Amino acid sequence: MENPFLVDVARGTLIESRHRGSVAVVDSEGATVLSLGDVERRVFPRSAVKALQAMPLVESGIADKYGLTDEEIALACASHSGEPEHVAAAKSMLKKAGQDAGCLECGVHWPMGEAANRALAAKGQGPSALHNNCSGKHAGFVCLACGQGNDPKGYVRADHPVQQAVRESLEELTGACHTLDKSGIDGCSIPTYAVRLPSLAFGFARFGTGAGLSGEGRAAAERIRKAVAKHPFMVAGTGRFDTKLMERLGERAFVKVGAEGVYCASLPELGYGIALKAEDGNSRAAEAMMAGLILRFLPLSDEERSTVEALAQPVLKNWNGIEVGRVQLDPLLLGQSA
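In every chain, residue numbers begin from 1 and rise along the written sequence. Confidence filtering applies because this is a predicted model: local features only for residues at pLDDT of at least 70, side-chain atom pairs given and counted only at 80 or more, and all residues used for totals across whole chains, interfaces and linings. Excluding hydrogens and water, the side-chain figures rest on all heavy atoms present in the structure.

The subject of this paragraph is helix α7 (residues 135–148). Since the α-helix advances by 3.6 residues per turn, residues separated by three or four positions end up pointing in the same direction. Think of it this way: any DSSP run of H or I at least four residues long counts as a helix, any run of E at least two long counts as a strand, and we number them from the N terminus. Expected span of a helix, by definition, is 1.5 Å for each gap between consecutive residues, and there is one gap fewer than residues. With 14 residues, α7 should cover 20 Å at 1.5 Å per step; its first-to-last C-alpha distance of 20 Å lies within 8% of that length. Categorising residues by exposure relies on relative accessible area from a 1.4 Å probe, with only protein chains included: less than 20% of the type maximum marks a residue as buried, more than 50% marks it as exposed, and the intermediate range marks it as partly exposed. Along α7, 13 of the 14 residues are buried, which leaves the element largely enclosed by surrounding structure. Just downstream of α7, G149 is the residue with a positive phi angle, here 85 degrees.

Set out below in structure tokens:
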């Protein structure tokens, strides 16, 4: 099946580029609400499932054992910009488990946030693993290992008890088998499993509602959602799509960017989960698709709608601030007539 064009980018009156995509929206019973494109093709969700990967940390009681704050739980779900608040929270999580940045196995890169990047360089300093956008997730893995009574060394391996617990959580939520023959290695070195979009969407419907989960599982999912809604800055950072959207919508929507054009979301009040992929991996297209689906399904106040519309079809300006074009969504995505 060929994926439809869902996002156009216009310059002046002409279309300059187009992006195909696939979308699955599923309710908490597993029923299909919307299906566009080749949703049966397996995708690597990568960072989009960080909140689901954080479930064992909270559900096990280990987050409480170490006194993790809501900011720190939110950071465990983050692809953060490496701003000082993100770095400090990751460092704090490790300290509570009796560890430090030396045990992180996510690798080192410069902060994703330009301001944080420049500030670090201006001080003549280089990045550490704490600046890695996945350091919060990995600090959570270290806490989980230590709380289990296991050596955190090698926690990124598929056979480590931490990754076994994470894989079991992903399988429970999505209802899909996560097997090594359909896996790869993520950018931060943990296993990532390729699954179909409807399974991902189902997982996020259950994460958003607690449907089909144990009492501990429902409580853990709710706690993670509330932590993120209270501290959306910790999940991404200054000016980032996820932060801006959840600052406006709060607990009404949980959204999380992945990589290569994958995005996932929960709309708890509707009981819907969303999983999508921009076929060419373009993040601008994936963001627009996600905002468009929220416009389509979630009843919004005027203020909420203004924020989401600006994210769905942003105006494009050049370096002189002159409007030169805009991102446009296909009516098919919005459920409108062409």
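Here we take up empty space enclosed by the protein. A pocket, in this scheme, is an open set of points on a 1 Å grid over the protein atoms alone with protein on both sides within 12 Å along at least 5 of 7 lines, while a cavity is a set where a 1.4 Å probe fits but cannot get out; residues line either one if an atom lies within 4 Å of a point. Grid points are joined across faces, edges and corners, and a volume is the space filled by probe spheres set on the points. Tallied over the full model, the rule gives 5 cavities of 30 Å³ or more. Lining the largest cavity are 14 residues; nearest its centre among them are P45, V49, L170, T192 and Y193. Among the elements of the structure, α8 (161–174) and β6 (191–193) are those that each provide at least two residues to the lining of the largest cavity. Looking at the lining of the largest cavity, the element that brings in the most residues is β6, giving 3 residues. As a working rule, the residues Ala, Val, Leu, Ile, Met, Phe, Trp, Tyr, Cys and Pro are called nonpolar, Asp, Glu, Lys and Arg charged, and the rest polar, with Gly in that last group. Split by residue class, the lining of the largest cavity holds 8 nonpolar, 4 polar and 2 charged.

Salt bridges are counted wherever a side-chain nitrogen of Lys or Arg sits within 4 Å of a carboxyl oxygen of Asp or Glu. Scanning all chains against the criterion turns up 17 salt bridges. Among the salt bridges present, the one from R20 reaches E2, with a minimum N-O distance of 3.5 Å. Of this pair, R20 sits in strand β2 (residues 14–27) while E2 is found in the segment before β1 (5–11), placing the two residues 18 residues apart along the sequence. E16 is the partner of R11 in a salt bridge, and the nearest nitrogen-oxygen pair spans 2.8 Å.

Turning our eyes to something else, we now look at the side chain of D27. Positionally, D27 belongs in strand β2. Definition of a polar contact: a pair of N or O atoms within 3.5 Å, with one able to donate and the other able to accept a hydrogen when the atoms are protein atoms, and with sequence-neighbouring residues admitted only if both atoms are side-chain atoms. From its side chain, D27 meets the backbone nitrogen of E29 in a polar contact 2.9 Å long. Sequence-distant contacts of D27, defined by excluding residues within four places in its chain, comprise V33, F202, A205, G271 and Y272. Here, residues are in contact when the closest pair of their heavy atoms is within 4.5 Å.

The next thing to look at is the packing of helix α13 (residues 283–297) against helix α14 (residues 302–312). Angles run from 0 to 180 degrees between N-to-C directions of axes, and those axes are lines fitted to C-alpha atoms, restricted for helices to the stretch in contact. Following both chains from N to C, one finds α13 and α14 inclined at 145 degrees, their axes separated by 8 Å at the closest point. Here the hand of the crossing between α13 and α14 comes out left-handed. The segment α13 lies against α14, with A288, A291, G292, I294 and L295 engaging R305, V308, E309, L311 and A312. Residues that form the contact of α13 with α14 fall into these classes: 7 nonpolar, 1 polar and 2 charged. Left-handed is the label given to a crossing in which the near helix is rotated counterclockwise from the far helix by less than a right angle, and right-handed is the label when the rotation is clockwise.

What follows is about the packing of aromatic side chains. The relative placement of two aromatic rings is captured by the distance of their centres and the angle of their planes. Any Phe, Tyr or Trp ring, taking Trp's six-membered ring, that has another such ring centre within 6.5 Å forms a pair; planes under 30 degrees apart are called stacked, those over 60 apart edge-to-face, and the others tilted. What the rule picks out here adds up to 6 aromatic pairs. With a centroid separation of 6.2 Å and 70 degrees between ring planes, the pair formed by F204 and F207 is classed as edge-to-face. Linking F204 with F207, this pair stays in helix α9 (residues 197–209), spanning 3 residues, or about one helical turn. Relative accessible area serves as the criterion here: at 0%, F204 is assigned to the buried category. A ring pair is formed by F204 and F254, whose centres lie 6.4 Å apart and whose planes are at 20 degrees; its orientation type is stacked. Highlighted residues: F204 in helix α9 and F254 in strand β8 (residues 254–257), separated in sequence by 50 residues. The two residues F204 and F254 agree in class, both being buried. Chaining the aromatic ring pairs together yields one cluster made of F204, F207 and F254. Note on criteria: charge over ring means Lys NZ or Arg CZ within 6 Å of the ring centre, with the direction from the centre no more than 35 degrees off the ring normal. Seen from the ring of F5, R18 lies directly overhead, with NZ or CZ sitting 4.1 Å from the centre. One Lys or Arg, R20, reaches over the ring of F5 and ends 3.9 Å from the middle of that ring.

There is about 250 Å³ of room inside the largest pocket. Lining the largest pocket are 19 residues, with S47, S79, M112, N133 and G258 sitting closest to its centre. For the lining of the largest pocket, the secondary structure elements donating two or more residues are α12 (241–249) and α13. Residues of the lining of the largest pocket, tallied by class, amount to 8 nonpolar, 6 polar and 5 charged.

The first and last C-alpha atoms of helix α5 (residues 84–96) sit 18 Å apart over 13 residues, in line with the 18 Å expected at 1.5 Å per residue. As for α5, its buried residues are in contact with α4 (70–75), α7 and α11 (232–235). Where α5 ends, the next residue or the one after it, G98, has phi of about 75 degrees, a positive value.

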